[in-house]
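# Survey of secondary and tertiary structure
What follows is the residue order along each chain.
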Amino acid sequence: MSTVTTLQPIVQAKDLLKTFGRVVGLNHCSLELYPGEVLAVIGDNGAGKSTLIKCISGAETPDSGEILIDGKPVSFKSSIDARTAGIETVYQNLAVAPALDIASNMYLGRELRKPGFFGKVFRQLDHKGMKVKSKDEMTRLGIGTLQDMSQAVETLSGG
Amino acid sequence: MSTPTSASDAEALIDNIDNKGFMFRVQGALHRFPWLSPLLVLIIAMIVFTLLNNRFLLPANLSLIMQQVSIVGAIAVAQTLIILTAGIDLSVGAIAVLASMVMAKTAFDQGVPGPMALIIGLIVGTAAGALNGFLVTRLKLPPFIVTLGTLGIFTALTLIYATGRTVRDTELAPILKVMGNVIKLGPFTITWGVIMMILLYVIFAYVLRNTAWGKHVYAVGDDPQAASLAGIRVNRVLFSVYTVGGLILAIAGWITIGRVNAASPNVIPDANLDSITAVVIGGTSLFGGRGTLIGTFIGAVLVGVVSNGLSLAGLDQAYKILAIGILVITAVALDQWIRKVRS
């Protein structure tokens, strides 16, 4: 691509440091991710791959260093912050609530409320909206076999 | 991933499901609606007791059962919320009694106006629940141990505060007795206490199903780490559950005053374990994350029906204890089986 030089990384990590007590998890680690790029991070056990991902996805807070999204510095206080900024994470342990259904899991921690009176006053969730949107996402990913978004995650096969 | 990639794979999958047959479908249905099994037992029990004594189905008797269930039924709402988070509360009955003693005595001894005494009692119950929540979340102690300790603390506080004395009917402020007031609904005689209990079920069933907080209660009980990675503040949810539980228990204490027409430190000695019994029979998992309030309601009513039906059949109460014991074991065994769902 000829425009590479003008492109700005969508995700950028600068000089991240993360320690757990005396153990150094990330030792001044930097990363740049450009639009359309697929990046694989490879390393030995304990190299800090997961810690890096967790820092970028808000599950851990780095001790020092900077994370930039579209060139703007951000500081994630929780994984919700990262998700609102557009960073989704699939964790190693899959990190789902197995007894909850697919739609509830996809919207866990960022549930949609019904518009209007019921949503505002009674805090009613928009079950239907969440189901429809989860199904759209599934279809977009080419998963056509899952029809019922109210199925509990633990009843699904695979892993 | 073993997602079927072609039509033949999908067919093979469906064949596989069919082959596993009837029990498989039962397991699937129970997984989705864990309250189906206690409901079935409840219907069978009601048929049997009607055959044993035709007075069982009389409106007067059914009304009596509901009145008998109202206290433990209300307490079991709080217990359900707590067990859904994979916790347990052994101090529920003690909190309810503490709150009821505070309501009765602040009005009678300190001369606080009735409505004010009621509010003070509700606050004390809420604070007691919050103390449990604080110990569970901040000191990271297991709920079983925390509430075993606070069971002793709250019971002792109640005894010390009550100075071993019961506040009787005529000494009670009128507002504290309203839960005992009777309403005629056709042939049925319902107390305000019964209505209040049902109201608690309706409100919290709605909250669990239809609010984000409700979903978070399930998620925290199911897998706290996953919930935390999803951005849920696990400790905040846990603390709020024990605190809200305390408020529900204080309301249960209010219902208790109306039901027994007195406030005594020695009422409902079995409420702690009875509430757990109702929750477990209702199909809520002691491992957290799965269960419903409708199940708990059926569980509480089932316990009341068995107790009443056996008395009407002229059997000793020992048989009631035996029957409930068997029901509890069956319910937990069923839960273990349901949790081994297909994969």
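Every value quoted in this text rests on a predicted model; they were computed, and no experiment measured them.

### Let's talk about the overall build of chain B
When helices and strands are counted, chain B shows 13 helices and 2 strands. Rg of the C-alpha trace for chain B: 22 Å, near the compact-globule value of 20 Å for 343 residues, within the 12% margin. Taken along the three principal axes of its C-alpha coordinates, chain B extends 80 × 55 × 35 Å. For chain B, the residues scored as buried account for 46% of the 343 residues in total. Across chain B, contacts joining residues at least 24 apart in sequence account for 77% of those joining residues at least 6 apart.

### Points about the overall build of chain A
What chain A contains, in helices and strands, is 5 helices and 4 strands. Listing every helix and strand of chain A by position from the N terminus yields β-β-α-β-β-α-α-α-α. Viewed in the frame of its principal axes, chain A has a C-alpha envelope of about 45 × 40 × 35 Å.

### Some thoughts on the packing of helix H7 (residues 192-210) of chain B against helix H10 (residues 234-260) of chain B
Residues and elements named next belong to chain B. Close contact between H7 and H10 brings their axes to 9 Å; oriented N to C, the two are set at 160°. Accordingly, the angle class assigned to the pair H7 and H10 is roughly antiparallel. Here H7 and H10 pass one another in a crossing that is left-handed. Taking contact as the criterion, the partners of Trp192, Gly193, Met196, Met197 and Leu200 in H7 are, on H10, Ile248, Ile251, Ile255, Gly258 and Arg259. Across the contact of H7 with H10, the residue classes tally to 7 nonpolar, 2 polar and 1 charged.

### What about the domain arrangement of chain A?
A common way to state how big an interface is: give the accessible area lost once the parts meet. The domain boundaries assigned to chain A delineate domain 1 (2-84) and domain 2 (102-155). A C-alpha centroid distance of 29 Å is found between domain 1 of chain A and domain 2 of chain A.

### A short note on helix H1 (residues 49-56) of chain A
Residue and element names in this part refer to chain A. All of the buried residues in H1 are Thr51, Leu52, Lys54, Cys55 and Ile56. Tucked into the core, H1 has its buried residues touching strand E1 (11-20), strand E2 (23-33) and strand E3 (64-69). Looking one or two residues past H1, Gly58 carries a phi angle of roughly 85°, positive in sign.

### Observations concerning the sheet that holds strand E4 (residues 72-74) of chain A
All names here are of chain A. One open sheet accounts for 4 strands, arranged E2-E1-E3-E4; its pairing is antiparallel. Every interior strand has two partners, whereas the edge strands, E2 and E4, have only one. Across the sheet, the mean angle from the axis of one strand to that of its neighbour is 30°, orientation sign disregarded. In this sheet, E4 lies alongside E3 in antiparallel orientation, the contact comprising 3 bridges. Note that in E4 the partner of Ile69 across the bridge is Lys72.

### Brief notes about the nonpolar core
Residues Ile75 and Met103 of chain B are the most contacted members of the largest nonpolar core, which totals 106 residues. When residues in this core are grouped by element, the largest group, 14 residues, is from H10 of chain B.

### Looking at the packing of helix H4 (residues 92-108) of chain B against helix H5 (residues 114-137) of chain B
All names here are of chain B. Their axes nearest at 8 Å, the elements H4 and H5 cross at an angle of 150°. Considered as vectors, H4 and H5 are oriented roughly antiparallel to each other. Considering the relative orientation of H4 and H5, their crossing is right-handed. Contacts from Ile95, Leu98, Ala99, Ser100, Val102, Met103, Thr106 and Ala107 in H4 reach Gly114, Ala117, Leu118, Ile120, Gly121, Leu122, Val124, Gly125, Ala128 and Gly129 in H5.

### A few points about the interface of chain A and chain B
Contacts between chain A and chain B engage 26 residues on the former and 26 residues on the latter. Among the elements that make up the side of chain A that touches chain B, the one with the highest residue count is helix H2 (residues 79-84) of chain A (3 residues). Across the side of chain A that touches chain B, the residue classes tally to 13 nonpolar, 9 polar and 4 charged.

### Notes on unusual backbone geometry
All names here are of chain A. A positive phi angle, close to 55°, is found at Asp15, a residue other than glycine. Summarising the element assignment, Asp15 is placed in strand E1. Look at Arg123: it is not a glycine, yet its phi comes out positive at around 55°. Counting through the fold element by element, Arg123 comes out in the loop between helix H4 (117-121) and helix H5 (127-140).

### Examining the pairing of strand E2 (residues 188-191) of chain B
For a regular strand, the rule is simple: side chains alternate between the two faces of the sheet. Residue and element names in this part refer to chain B. Of the pairings in the sheet, the one linking strand E1 (residues 182-185) to E2 comprises 4 bridges and is antiparallel in character. Each residue of the ladder has a partner; that of Val182, found in E2, is Thr191. Here E1 hands over to E2 after 2 residues, with Gly186 in that stretch at a positive phi of 60°.

### As for the pairing of E1 of chain A
Residue and element names in this part refer to chain A. Here E1 pairs with E2 via 8 bridges, running antiparallel. From the neighbouring strand, Gln12 faces E2, where its bridge partner is Glu32. The turn joining E1 and E2, which pair antiparallel and follow one another in sequence, is formed by 2 residues; a positive phi near 65° is taken by Gly21. The pairing of E1 with E3 spans 5 bridges and is antiparallel. What sits directly across from Leu17, in E3, is Ser64.

### With respect to H4 of chain B
For H4 of chain B, which comprises 17 residues, the first-to-last C-alpha distance of 24 Å matches the rise-based estimate of 24 Å (1.5 Å per residue) to within 8%. In terms of burial, H4 of chain B is a largely internal element, 16 of the 17 residues being buried.

### Brief notes about the environment of Thr155 of chain B
Looking at the secondary structure, you find Thr155 of chain B in helix H6 (residues 143-162). As for Thr155 of chain B and Thr296 of chain B, which are separated by 141 residues in sequence, their C-alpha atoms are 25 Å apart.

Cut-offs and rules
Residues numbered from 1 in each chain as written. Chains lettered and ligands numbered in written order. Predicted model: local features only at pLDDT ≥ 70, side-chain atom pairs only at ≥ 80, totals over all residues. Helix = DSSP H or I, 4+ residues; strand = E, 2+ residues; numbered from the N terminus. Rg over C-alpha atoms; globule rule 2.2 N^0.38 Å. Buried ≥ 20, exposed ≤ 12 C-beta atoms within 10 Å, placed from the backbone. Contact = placed C-beta atoms within 7 Å. Axes fitted to C-alpha atoms, helices over the stretch in contact; angles between N-to-C directions. Parallel < 35°, antiparallel > 145°, perpendicular 65-115°, else oblique. Left-handed = near helix turned anticlockwise from the far one by under 90°. Nonpolar A, V, L, I, M, F, W, Y, C, P; charged D, E, K, R; others polar. Domains from an automatic or database assignment. Pairing = 2+ DSSP bridges. Core = buried A, V, L, I, M, F, W, Y, C linked by C-beta atoms within 7 Å. Expected span 1.5 Å × (residues − 1).

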